[in-house]
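Residues per chain are reported as follows:
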Amino acid sequence: MQQLQTVWSELTLQKRLVAGLAVVALLVVAVGLTRLATQPGMSLLYAGLENGAAGDVVAALEARGVDYSVRGSSIFVDTTRRDELRMTLASEGLPANASQGYELLDQMTGFGTTSQMFDAAYWRAKEGELARTIVSSPAIQSARVHLANPASKPFQRGGTPTASVTITPSQSGVSAAHARALRYLVASAVSGLAPADVSVIDATGGVILSSSDGDATSTDSSDRAAELKRNVERLLEARVGYGNAVVEVNVETVTESEQITERRIDPDSRIAISEDKTESTSSEQGSSGDVTVASNLPDGDAGGGGDQSRASQSETRQRTNFEVSEIQREVLRAPGAIGRITTAVLVDGLRTSDADGEVTWQPRSPEEMAALRELVSAAVGLNEERGDSLSLQTMEFEPVPLSGSEPGAGFGGNLNIDAMRLAQLGILSLIALLIGLFVVRPILTQKAEPLPELGPPPTGGPALTGEIDPEDTPEDIARLNAVGSSGDTLPDGASAVERLRGLIDERKDESLQILRSWMEEEEEKA
């Protein structure tokens, strides 16, 4: 401690200021290193929240006294408490979803609520529920659904409902298959809404599917071909190894719709379903004599004389109704049916090494190729009557040259290390080391410069002793000796006292050091 006080007392005001600033800088760096070392790691809690939902989450964290950090639209918390906070906030309904669902209907009362107000609230709740279902997918960050229902217009007929879905994907864009799934979801939730009337829009990439893209019921041939390709590759790689088979599948689909109406009548197959039978009988009686006036009188001789005749007639009618069997069939063929499948498969052969290490290639055996062909045919559903074709060949693959060396796992690649935290600690440590080596150390280790040797003092004056500065030149030493040993006056006419005063002005630090040494010697003698 005494040595530090001595060194500090020997420093000039400028050096003391520099040393103080250096010590303050070292303290700041030490505090920063301590804080970084003791501060817990921060992990992402929520990101991409709306302002209202983010404010509710921050308020809940402050109420619990949890340390958090807001970086843009992301909220970070302590890594050790992240999962606990997520479950706790979820139990409280946070973060709140901006889109409201059927709870809107719970807020409505029967007093003052008109049918128009209820219909508007119902469709708004329907949109909110659909948006919630869409956002539940990990690939979608946010979604908005808009439904246009013409049924709310009683004087307009013939209108069909339409819908539009605007989504923001989490990472990459949304595929066409995913967009078609969203079409089915919205169309199935709204009565009378066809999938073709639902438009799916990516907020970052434009329109994915619109009503002009055709009926959503048609299956995309490219997706079906990709699925068949993956199935065949997985099947072949189990036998020939990864990278030893190349598969290409082309699926041609029917793009036209067709409706067939068929009616068949079989006259041989008849069944009596009803029978009507009618019978009628009629009779007549007459006379064959002459007709006179007397015969026409009631009491005349009508009954007498002449021959009598009688006539009868019987008629029977029968009608039977038969039902003839009839077959009527309507067939509707929608676009998307498979028209033809063509498959091309290229398989690498076998490579063997001899005793000298030379690698030779040979094709696979016909028996193995026949077995592979049968497997591929079953995987793609080959139908030769439909016009499907399959080409399976074995050929030597050319090795692909690699540019540069393959990447390897670096040191600590499997460790969970926060690179940013290590970089901050390294930078602060380097700053502290540089300040200590190049600022504080030279100041603390600096030695006082010795005074040059002084000549004898003037007559009657005190004797001054000192040492020659190693940095003094021979001219400086000669001049100092001349000052100490010359007469009463210098060449310029100055006296000895003036010469001493000038010497002290030139060597202030050395003079103070000499005076201090004299005082310490007197104190030791006392």
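Every value quoted in this text rests on a predicted model; they were computed, and no experiment measured them.

Caption draft 1: Fine view of the sheet that holds strand E1 (residues 42-47). Strand order in the open sheet made by the three strands is E1-E3-E2, with antiparallel pairing throughout. The sheet is open, and its two borders are formed by E1 and strand E2 (68-71), each paired with just one other strand. Across the sheet, the axes of successive neighbouring strands diverge by a mean angle of 30°, strand direction being ignored. Pairing analysis gives five bridges linking E1 to strand E3 (residues 74-78), with the strands arranged antiparallel. Paired with Met42 across the two strands is Asp78, which belongs to E3. In this fold helix H3 (residues 51-64) packs onto E1, E2 and E3, with an angle of close to 20° to the strand it touches most, E3. Across the sheet, helix H4 (residues 82-91) is in contact with E1 and E3; its angle to E1 comes to roughly 25°.

Caption draft 2: Geometry of a nonpolar patch on the surface. A cluster of nonpolar side chains, Leu430, Leu433, Leu434 and Leu437, forms an exposed patch at the surface whose accessible area comes to about 360 Å². Counting through the fold element by element, Leu430 comes out in helix H11 (residues 419-444). You can call Leu430 partly exposed: its relative accessible area is 49%.

Caption draft 3: Up close: the sheet that holds strand E11 (residues 338-347). Taken in spatial order, the three strands make up an open sheet running E8-E11-E14, and their pairing is mixed. If you trace the sheet from one side to the other, it starts and ends with strand E8 (245-253) and strand E14 (389-394), each paired once. Here the strands of the sheet are splayed against their neighbours by 5° on average, with no regard to which way each runs. The pairing of E11 with E14 spans six bridges and is classified as parallel. Paired with Leu346 across the strands is Gln393, a residue of E14. Here helix H8 (residues 221-240) sits on the sheet and contacts E8 and E11; the angle it forms with E8, its principal contact strand, is near 155°. With respect to the sheet, helix H10 (residues 366-380) is in contact with E11 and E14, its orientation differing from that of E14 by roughly 145°.

Caption draft 4: Examining the pairing of E3 more closely. Burial of E3 is extensive: five of the five residues sit out of reach of the surface. Here E2 pairs with E3 via four bridges, running antiparallel. Bridge assignment links Tyr68 to a residue of E3, and that residue is Val77. Two successive antiparallel strands, E2 and E3, enclose a turn made up of two residues, where Gly72 displays a positive phi of approximately 70°.

Caption draft 5: Fine view of the side chain of Thr343. The topology assignment puts Thr343 in strand E11. Given a relative accessible area of 5%, Thr343 falls into the buried group. Not counting residues up to four positions away in its chain, the partners in contact with Thr343 are Glu248, Val249, Val376, Val380, Ser389, Leu390 and Ser391.

Caption draft 6: Representation of the packing of helix H6 (residues 115-135) against helix H7 (residues 176-189) in the model. At a minimum axis separation of 11 Å, H6 and H7 run at an interaxial angle of 150°. By the criterion of interaxial angle, the relationship of H6 to H7 is roughly antiparallel. Helix-helix and strand crossings are classified by hand; for H6 and H7 the assignment is right-handed. Of the residues in H7, those touching H6 at Lys126, Leu130, Thr133 and Ile134 are Leu182, Leu185, Val186 and Ala189. Across the contact of H6 with H7, the residue classes break down as six nonpolar, one polar and one charged.

Caption draft 7: Examining the confidence of the model for the chain more closely. Averaged over the chain, the pLDDT score is 75; the fraction of residues at 70 or greater is 70%. The secondary-structure element of the chain with the lowest mean pLDDT is helix H12 (residues 474-485), recorded at 52, while H10 shows the highest, at 93. Contacts of residues 215-219 to residues separated by more than four positions or lying in other chains number 10 contacts, the stretch itself having pLDDT below 50. Long-range and interchain partners of residues 483-493, a stretch whose pLDDT sits below 50, account for 12 contacts in this model, where long-range means more than four residues apart.

Caption draft 8: Fine view of H6. Relative to the 30 Å expected for 21 residues at 1.5 Å per residue, H6 spans 30 Å between its end C-alpha atoms, a close match to the ideal helical length. Buried residues of H6: Ala121, Ala125, Lys126, Glu127, Gly128, Leu130, Ala131 and Ile134, and no others.

Caption draft 9: Inspection of the nonpolar core at higher detail. Among the nonpolar cores identified, the biggest contains 19 residues, and Ile134, Val145, Leu147, Val165, Ile167, Val186 and Leu193 are the most heavily contacted of them. Looking at this core, the elements that each hand over two or more residues are H6, strand E4 (140-148), strand E5 (162-169), H7 and strand E6 (198-202). Apart from the residues within four sequence positions on either side, Ile167 is in contact with Ile134, Ile140, Ser142, Ala143, Val174, Leu182, Val200, Ile201, Asp202, Ala203 and Ile208. By size, the runner-up hydrophobic cluster in this structure holds 18 residues, among which are Val232, Ala245, Val345 and Val376.

Thresholds applied
Residues numbered from 1 in each chain as written. Predicted model: local features only at pLDDT ≥ 70, side-chain atom pairs only at ≥ 80, totals over all residues. Heavy atoms only, no water. Pairing = 2+ DSSP bridges. Helix = DSSP H or I, 4+ residues; strand = E, 2+ residues; numbered from the N terminus. Axes fitted to C-alpha atoms, helices over the stretch in contact; angles between N-to-C directions. Contact = heavy atoms within 4.5 Å. Patch = residues over 30% accessible without salt bridge, like charges linked within 9 Å, V, L, I, M, F, W, Y side chains within 5 Å. Areas by Shrake-Rupley, 256 points an atom, 1.4 Å probe, with all protein chains shown as cover. Salt bridge = Lys/Arg side-chain N within 4 Å of Asp/Glu carboxyl O. Buried < 20%, exposed > 50% of the residue type's maximum accessible area, 1.4 Å probe, protein only. Parallel < 35°, antiparallel > 145°, perpendicular 65-115°, else oblique. Left-handed = near helix turned anticlockwise from the far one by under 90°. Nonpolar A, V, L, I, M, F, W, Y, C, P; charged D, E, K, R; others polar. pLDDT = per-residue confidence, 0-100. Expected span 1.5 Å × (residues − 1). Core = buried A, V, L, I, M, F, W, Y, C linked by side-chain atoms within 4.5 Å.

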